[in-house]
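What follows is each chain in one-letter form.
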Amino acid sequence: MRIAVVSPLYEAVPPKAYGGTERIVSYLTEELVRKGHQVTLFASGDSQTRARLVSPCRRATRLDPMCQDPVALHVLMLEEVSRRASEFDVIHFNVDYLAFPWARRLATPSLSTLHGRLDIRELKPLFREFREHPVVSISNAQRRPLPFANWVGTVYHGLPPDLYRPSYEPGRHLAFVGRISPEKRPDRAIRIARRAGIPLLIAAKVDRADREYYEQKIRPLLREPGVEFVGELDDRGKQELLGGAAALLFPIDWPEPFGLLMIEAMACGTPVIAWPCGSVPEVLKDGVTGFVVSDEREAVRAVERIGSIDRRRCRAEFERRFTAERMARDYLHIYGRLAAARHPQVA
């Protein structure tokens, strides 16, 4: 198939450090190319891909100090996609609802994977207006606020199987990875680790919007022993951090759409201790790949019982459910359905 994959421009594909959506776009794109499809990737100019790369900007906007209006660059990119639409059998948007007005006017079949939270008041009238546009969820839980949308599938994220090496030795620390923000609850992770008496390594970025929260709520907690803040990590650093951890703490307080970190930990053979928010009960198997807990006391008990989780089973569940090959296969099935519906065969 001739496939266009459209990425956000905030991070490169793949991202240099943090960047969940762009990371998944990269894994999907490279797997589609590996399967022999003709793929055009619309992304920032510093992206690395075996697909044909088309970009409206030289650098990812988050890393470009000269960029003042990243939305303007996204509009330029979507206009370029629209101009080239006839070159493709299907266009796969990954820029949430920003592409909807363009998609409505295209003759080429298209779909949008929704990567963010959908429990936002303003989204309901927007999705009602564009309810004809095919959308894909990354978990069934993500769909709940918008049941009337044109859902054409749920596709769980996937990783290349050789991205992380599994470690089957008991870990010596706990890990918190991702972003310092109120909904990610790093404060919970710190309290859990201290009560359990196990060191905690925090690998996370601090966005400008969360700087005040970090300075007022989290930074004072980092001054006490037992917690180390290591900043953002690349895949190699994440391998060492997650692979050497007894468990990943995922104490979220928001409707998580998917939670890429959970399957990254599983790929390393590392169990996860998480709150039952959003996708967590879909991704984790309680008692098999970790523990789903409802409060900090339960989380501490889960840390104490973490040795009962078979790290080989964690890796096996990753290989069975969350590889990039499985993800690409699921998307190709949806692409084929959309293309067939647009161009049905004449009997």
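All of the points below concern the structure found in this document.

Conventions and cut-offs
- Residues numbered from 1 in each chain as written.
- Predicted model: local features only at pLDDT ≥ 70, side-chain atom pairs only at ≥ 80, totals over all residues.
- Heavy atoms only, no water.
- Helix = DSSP H or I, 4+ residues; strand = E, 2+ residues; numbered from the N terminus.
- Buried < 20%, exposed > 50% of the residue type's maximum accessible area, 1.4 Å probe, protein only.
- Contact = heavy atoms within 4.5 Å.
- Areas by Shrake-Rupley, 256 points an atom, 1.4 Å probe, with all protein chains shown as cover.
- Lys, Arg positive; Asp, Glu negative; His and termini not counted.
- Charge placed at Lys NZ, Arg CZ, Asp CG, Glu CD.
- Axes fitted to C-alpha atoms, helices over the stretch in contact; angles between N-to-C directions.
- Parallel < 35°, antiparallel > 145°, perpendicular 65-115°, else oblique.
- 1 Å grid on protein atoms, 1.4 Å probe; cavity = no way out; pocket = protein on both sides within 12 Å on 5 of 7 lines; lining within 4 Å.
- Points joined across faces, edges and corners; volume = space filled by probe spheres on them.
- Nonpolar A, V, L, I, M, F, W, Y, C, P; charged D, E, K, R; others polar.
- Phe/Tyr/Trp six-rings, centres within 6.5 Å; stacked < 30°, edge-to-face > 60°.
- Patch = residues over 30% accessible without salt bridge, like charges linked within 9 Å, V, L, I, M, F, W, Y side chains within 5 Å.
- Salt bridge = Lys/Arg side-chain N within 4 Å of Asp/Glu carboxyl O.
- Pairing = 2+ DSSP bridges.
- Core = buried A, V, L, I, M, F, W, Y, C linked by side-chain atoms within 4.5 Å.

**Section: the overall build of the protein chain**
Item 1. Looking only at helices and strands, the protein chain has 13 helices and 13 strands in total.
Item 2. Referenced to the eigenvectors of the C-alpha coordinate spread, the extents of the protein chain come out at roughly 65 × 45 × 40 Å.
Item 3. Within the protein chain, the fraction of its 347 residues that count as buried is 56%.
Item 4. Of all intrachain contacts in the protein chain linking residues separated by at least 6 positions in sequence, the fraction that spans at least 24 positions is 64%.
Item 5. A total accessible area of about 15,600 Å² is found for the protein chain, and carbon and sulfur atoms account for 49% of it.
Item 6. Counting 52 positive and 44 negative side-chain charges, the protein chain places the centres of these two groups 2 Å from one another.

**A few points about the packing of helix α1 (residues 20-34) against helix α13 (residues 324-342)**
The description of two helices packed together rests on the angle between their axes and the distance between the axes.
Item 1. Packing of α1 against α13 leaves a shortest axis separation of 9 Å and a crossing angle of 75°. The orientation of α1 relative to α13 falls into the category roughly perpendicular. Taking contact as the criterion, the partners of I24, Y27, L28, E31, L32 and R34 in α1 are, on α13, A324, E325, M327, A328, Y331, L332 and Y335.

**What to know about the layout of surface pockets**
Item 1. Taken as a whole, the second largest pocket spans an internal volume of roughly 180 Å³.
Item 2. Lining of the second largest pocket is provided by 13 residues; of these, P109, S110, E132, P134 and R342 occupy positions nearest its centre.
Item 3. Counting only elements with at least two residues in the lining of the second largest pocket, the list comes to α3 (100-104) and α13.
Item 4. Residues belonging to the lining of the second largest pocket are distributed by class as follows: seven nonpolar, three polar and three charged.

**A few points about the packing of aromatic side chains**
Item 1. Taken as a whole and judged by the stated rule, the model has eight aromatic pairs.
Item 2. Taking the centre distance of 6.2 Å and the plane angle of 85° together, the rings of F42 and F88 count as edge-to-face. One end of the pair, F42, is in strand β2 (residues 38-42); the other, F88, is in the loop between α2 (70-83) and β4 (90-93), with 46 residues separating them in the sequence. The residues F42 and F88 share a single accessibility class, namely buried.
Item 3. Ring geometry for F100 and F130: centres 5.7 Å apart, planes at 55°, overall tilted. Taken together, the residues F100 in helix α3 and F130 in the loop between α4 (123-129) and β6 (135-137) connect sequence positions 30 residues apart.

**A closer look at the environment of L249**
Item 1. For L249, the location among the structural elements is in strand β11 (residues 245-250).
Item 2. The exposure class assigned to L249 is buried, which follows from its relative accessible area of 2%.
Item 3. On a C-alpha basis, the gap between L249 and W275 in space is 9.2 Å, while along the polypeptide they are 26 residues apart.
Item 4. Apart from the residues within four sequence positions on either side, L249 is in contact with L174, A175, F176, A189, I192, L200, I273 and V303.

**Observations regarding a nonpolar patch on the surface**
Item 1. On the surface, Y10, V71 and V75 cluster together into a nonpolar patch covering about 230 Å² of accessible area.
Item 2. Secondary-structure assignment places Y10 in the loop between β1 (2-6) and α1.
Item 3. Since its relative accessible area comes to 38%, Y10 is described here as partly exposed.

**Observations regarding the pattern of salt bridges**
Item 1. One pass over the full model with this rule turns up 31 salt bridges.
Item 2. In this structure, the salt-bridge partner of R34 is E31, at a minimum N-O distance of 2.6 Å. Highlighted residues: R34 and E31, both in helix α1, separated by three residues, approximately one helical turn.
Item 3. Given a relative accessible area of 52%, R34 falls into the exposed group.
Item 4. Judged by relative accessible area, E31 falls into the buried class, the value being 9%.
Item 5. As a salt-bridge pair, R315 and E319 come within 2.8 Å of each other at their nearest N and O atoms. Here E319 and R315 lie together in helix α12 (residues 311-321), a separation of four residues that amounts to about one turn.
Item 6. What makes R315 buried here is its relative accessible area of 7%.
Item 7. You can call E319 partly exposed: its relative accessible area is 44%.
Item 8. A single salt-bridge network, built from bridges that share partners, covers R185, D187, R191, D253 and E296.

**Structural notes on the sheet that holds strand β13 (residues 290-292)**
Item 1. Across the sheet, six strands lie side by side as β10-β9-β8-β11-β12-β13; this open sheet has parallel pairing. The open sheet terminates on both sides in strands that have one partner only, identified here as β10 (227-229) and β13. Ignoring which end each strand starts from, the neighbouring axes of this sheet average 20° apart.
Item 2. Those strands touched by helix α6 (residues 186-196) are β8 (173-179), β9 (200-205), β10 and β11, and its axis lies near 170° from that of β9.

**Some thoughts on the nonpolar core**
Item 1. Counting residues in each nonpolar core, the largest one holds 88 residues, and the members touching the most others are L32, I180, L200, I202, I273 and Y335.
Item 2. Sort the elements by how many residues they give to this core and α13 lands first, with eight residues.
Item 3. L78, I91, A99 and A103 belong to the second-largest nonpolar core, a separate cluster that totals 19 residues.

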